[in-house]
Each structure stands twice: as C-alpha cells, then as structure tokens.
Amino acid sequence: MKEHCPWHSAVPLWKHIGSGTFQGHTMMLSGIDLEQLAEIELQKDEEEQKSVGSSLSTPASVPREESYLDISHPYYDVARHGIIQVTGDDNYGRKLVVFSCCRMPPSHQLNHQKLLEYLKYTLDQYVESDYTVVYFHFGLRSINKPSLKWLQRAYKEFDRNQIILRGFSPVPVLRYALLSCDSYTMHTRATTRHFFKTFGNGCLLMLSFFSFFLFFFFRYKKNLKALYVVHPTNFIKILWNIFKPIISHKFGKKVTYVNYLSELRDHLNCDQLVIPPEVIRHDDKLRATQKGGPPLPAKTPPPRPPLPTQQFGVTLQYLKDKNQGALIPPVVKCTVSYLKLKGLQTEGLFRRSARVQAIKEIQKLYNLGKPVNYDDYCDIHVPAVILKTFLRELPEPLLTYDLYEQVHSIASVESSLRVSQCKETVESLPEHNYVLLKYLTCFLHMVSQESIHNKMTPFNLACVFGLNLIWPPRSTASLGALMPLNMFTELLIEHYSRIFGSRVPPSEVLP
C-alpha cells in the first residue's frame, strides 16, 4: 500500500502547462477551458475504469429501511442517496465517517450546496471526538461531479468564513503550489506568470471535487486522525502533488492511499463499514487485472479457542464461567474503577483516541490474565478507549440483537413516554446483561454529573457509546439509524435512577 503522498516522481503540472500538454493531451493554452481540463482527467479515469470492466449505472437511493430518515427531515433529499454515512467506531475507538462518490446521482438530480451543508451538519455532531474518514473515490464521473462554478462559490464561502490554508486564499494557494512543484524556479515562475496571465485570477484549475473534499476536511482537521482514500486515480495523485506543499506536514501524515479493499482491512474492521456493492465489484475487477492474475486468497487459519483468561472478543457467559460467576468482567471493573478515581473531570473523556500500540499491549495483558497498571501509560484516555473496545468486541452487543428494533423505535414514541418505554425495554434484558448495563450506566451517569468540567453531557456520552451498546444484527448502522440509538443511550444516562431503580437483582454490583 502506498501511504502519505508517495508519487514524488510524478511529472510536475507546470511542465505540462508550459509545454501545452496536460496528461498526454496536446492543446494550446489560449484555447483551454478550465472545466475541460478537469473533464479530461475525469474522462481518463472513466476510460481506465472501463478498461478493467468497472461499469457504473445511475446510483440508486439507499433503501428506505436502511436510511431510517423521515421524509420530513431537512436533509432527506441528500441523505436518501447514502453518500455520507457514520458507521460506528474503528479499531481504535474513533468514529467512522464514510463518503462514497458512486452514490452521487447525476448533477442535475442533486443539490450540491445542500450536500455541503449536510456534510457540515454530519461532522458538526462528531468532530469534537476523534474520528476517521474513508473516502471511496470510485464512481466520481463527469455526469455527477459538481460544476466548477459551484466549487468556486464553495471556496468563496469558505474564504468568507476564513476557512483557508496558512492564510492563503485559493488563487495564491495554487500559485504557491505551482511554484513549489519543482526546483527549476526560473522556468516555474515564468510558467506560473503565463498560466495566470492566460486564465486570470479566476483560475481554479485544480479545484476538483477531491481537492475540495481534502480542503473541507482540513477545516475539520483538529480531531481527524486518519483519512483513507480508497482506489486513488491518477487525477488524485496529481492533485496531491500540486497541493502537498501548502498542506501542513501533520495533516499530510493523516492521509493514506489504499489501492485495494484488502489493504483497508489492515487498518479498519471492514464489517463496520458501509461499502457500496459498486465499490466491491470495482475492487474485484482491479485485483483481477493485476499482473499475473489475482493473488491466491490467503489461507485463513482455523480460529484458536479463547484462553481461559480471555477478556476481549468472548461472550459474557464465557467471562462469567471463567471468573467464578462474577457478572462484571475484570477489564470493565478495573477500567471503571481507575476512571472513577482519576478521570471524572477530564475534559473530553471518551472522545479521544489513544496510542495504538498501548491499546494492543493492554489487550494482550488482559487476555493473558496479567495485571494492568494504567499509571504506567500516563494517559487517562487509554483506559477510556479500552472500555469502549471491550464493548465493541463483544460477539453480541450488550443490549442484545433481540432488542434492536425496540431500541431503534424509541424515536417514534411520544416524548413524554420515552423514559417508560426505555425502562420497559431494559428490564427485559437477561440478568447478566442487565447487571453489566446498570453498572456501566451508573458510571456514565457519574461522568455526566461532572460535565461542567469534562464537557461530557448525557448527549455527548450517548454519541460516543450509542453504537458500542447496540448495533444491527446483519449490517452496519446507517447515519439515519444513529439518532434513535443515541437517543436511547442518552435516556439511559440522563434518567438512570428512574430506568434502573425498580429492578435490583441479588447479584447487582455498582461502581
């Protein structure tokens, strides 16, 4: 896999401009239309897709049962296509935001301004927490790309709101990028002057949809931990080489290019992703065209039986049987006790990720039955991530698959009856699940009571824990499904005493 802008050998764009050629197409500068330049590269991408047999029909809307958005929702017209999805957490406890270009309908059928607003609306709900973005580039075509005029308007809107890079507005950014593309400064400066003389200050040659997408996430870069660009094309490679000089090194390190879905699995649990079938088919055809044919599938070794001390990835019943009947698993009890003692007033508790190596090391220690001293890691977010990881790796969610529909239907219940409905649903849980859920919710209620310090209100905690407590049995949860799942979780935390006060099992344990 190629990571972090690997195409240093790509020929700088200014050489193509100076010679009157652009990616193999000979043309006269005076006759070039800016829209046509982007069009040429997109057409080349489409030709390459056809050469490997990847065809793409007009995207269909996401089925109604998957979108879970009411038709009266202000962004229903955009959301129904499934272009943007938030699909749970990655392997390190960070929210996953997925953008699928193949889901974009023809331009005349989509309000791109509303798409931009919907993207901002979605991110604004999650960017206070660490998050990861997966960008599926396959399917961006001439027919569904935003117009250059719209991209110009969007950049101007960003510029008005001071959403710019290193103090540059788009045109000086491009000028700086062109000047930085090669060490031959004399020729570069002459070419750049010619370039801007030809096109004027309205020149936004490289403001393609991908560059706009990249700049958009630069705006939300603070808690963006990784941006995976899947199936990058030559167009993207050129764009990255152009804009790399004016994008901070720190942000650049977050961008990873993924040629095949199998490489994405090295970083993410793909079962958590909403991968469009068009992307899967395209990936299969790309692999089939590899030199020598597709690689033989790796032999999957038979699963190992869990260790007697295993804590992660095993059922609650297994944990109970191996821990002398205790209903609170050791990893949960240890982690909650530590956070209660030292983390209740930590700002952004549960919103931050932790070092990957530390998380893997601690999981291994717990699975081997060895003691863990969180003080050794000097990071209060480490035990917070461990707790979320434990819940996420349960074979069945804590709230169980059987209750998914009841939990999901909470949004359709009259607001004055929701707490009672939530209480009724929770009390139908098996005893083990109920005791552990009550233990965990009691602790989260304590966290929320310190929200003046830690900023973690019941709503904010619900955004973090919703999909760690329950997820659909046969697929990933769509963006529209998150709202009711989070609402249910918020009710649990905010009304803890009312919901859990009646049922007191003899085996109950509280933090």
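- Per an unreviewed UniProt entry, the chain goes by RHG08 protein and derives from Polyodon spathula.

### Considerations on the confidence of the model for the chain
Okay, so step 1: Confidence in the prediction of the chain, expressed as mean pLDDT, is 75, and 66% of residues score 70 or more.
Okay, so step 2: Summarising per-element confidence for the chain, the mean pLDDT is lowest in strand 2 (residues 25–26) (37) and highest in helix 20 (residues 431–449) (97).
Okay, so step 3: Note that pLDDT drops below 50 for residues 60–68; the model gives that stretch 21 contacts with residues more than four away or on any other chain.
Okay, so step 4: A low-confidence stretch, residues 160–207 (pLDDT under 50), is modelled with 98 contacts involving residues beyond four sequence positions or located in other chains.

### Focus on the state of the cysteines
Okay, so step 1: By the definition in use, this model includes 0 disulfides.
Okay, so step 2: Just so you know, C101 is unpaired, no disulfide at all, and the nearest cysteine sulfur is the one on C102, 7.8 Å from it.

### Description of the pairing of strand 5 (residues 131–136)
Okay, so step 1: Counting buried positions along strand 5 gives 6 out of 6 residues, so the element sits mostly inside the fold.
Okay, so step 2: With respect to chirality, the unit in which strand 4 (residues 95–100) leads through helix 5 (residues 112–124) into the neighbouring parallel strand 5 is right-handed.
Okay, so step 3: Bridge count between strand 5 and strand 6 (residues 224–230): 6 bridges; the pairing is parallel. Bridge pairing in strand 6 links T132 to A226.

### Re the packing of aromatic side chains
Okay, so step 1: Going through the model one piece at a time under the given rule, you end up with 11 aromatic pairs.
Okay, so step 2: Between F99 and Y135 the ring centres are 6.1 Å apart and the planes differ by 25 degrees, which places this aromatic pair in the stacked class. Of the two residues, F99 sits in strand 4 while Y135 sits in strand 5, which places them 36 residues apart along the sequence.
Okay, so step 3: A residue is classified by how much of its surface remains accessible, and F99, at 3% relative accessible area, is buried.
Okay, so step 4: Given a relative accessible area of 0%, Y135 falls into the buried group.

About the criteria used
- Residues numbered from 1 in each chain as written.
- Predicted model: local features only at pLDDT ≥ 70, side-chain atom pairs only at ≥ 80, totals over all residues.
- Heavy atoms only, no water.
- pLDDT = per-residue confidence, 0-100.
- Helix = DSSP H or I, 4+ residues; strand = E, 2+ residues; numbered from the N terminus.
- Contact = heavy atoms within 4.5 Å.
- Disulfide = S-S within 2.5 Å.
- Buried < 20%, exposed > 50% of the residue type's maximum accessible area, 1.4 Å probe, protein only.
- Right-handed = clockwise from strand over helix to strand, strands pointing away.
- Pairing = 2+ DSSP bridges.
- Phe/Tyr/Trp six-rings, centres within 6.5 Å; stacked < 30°, edge-to-face > 60°.

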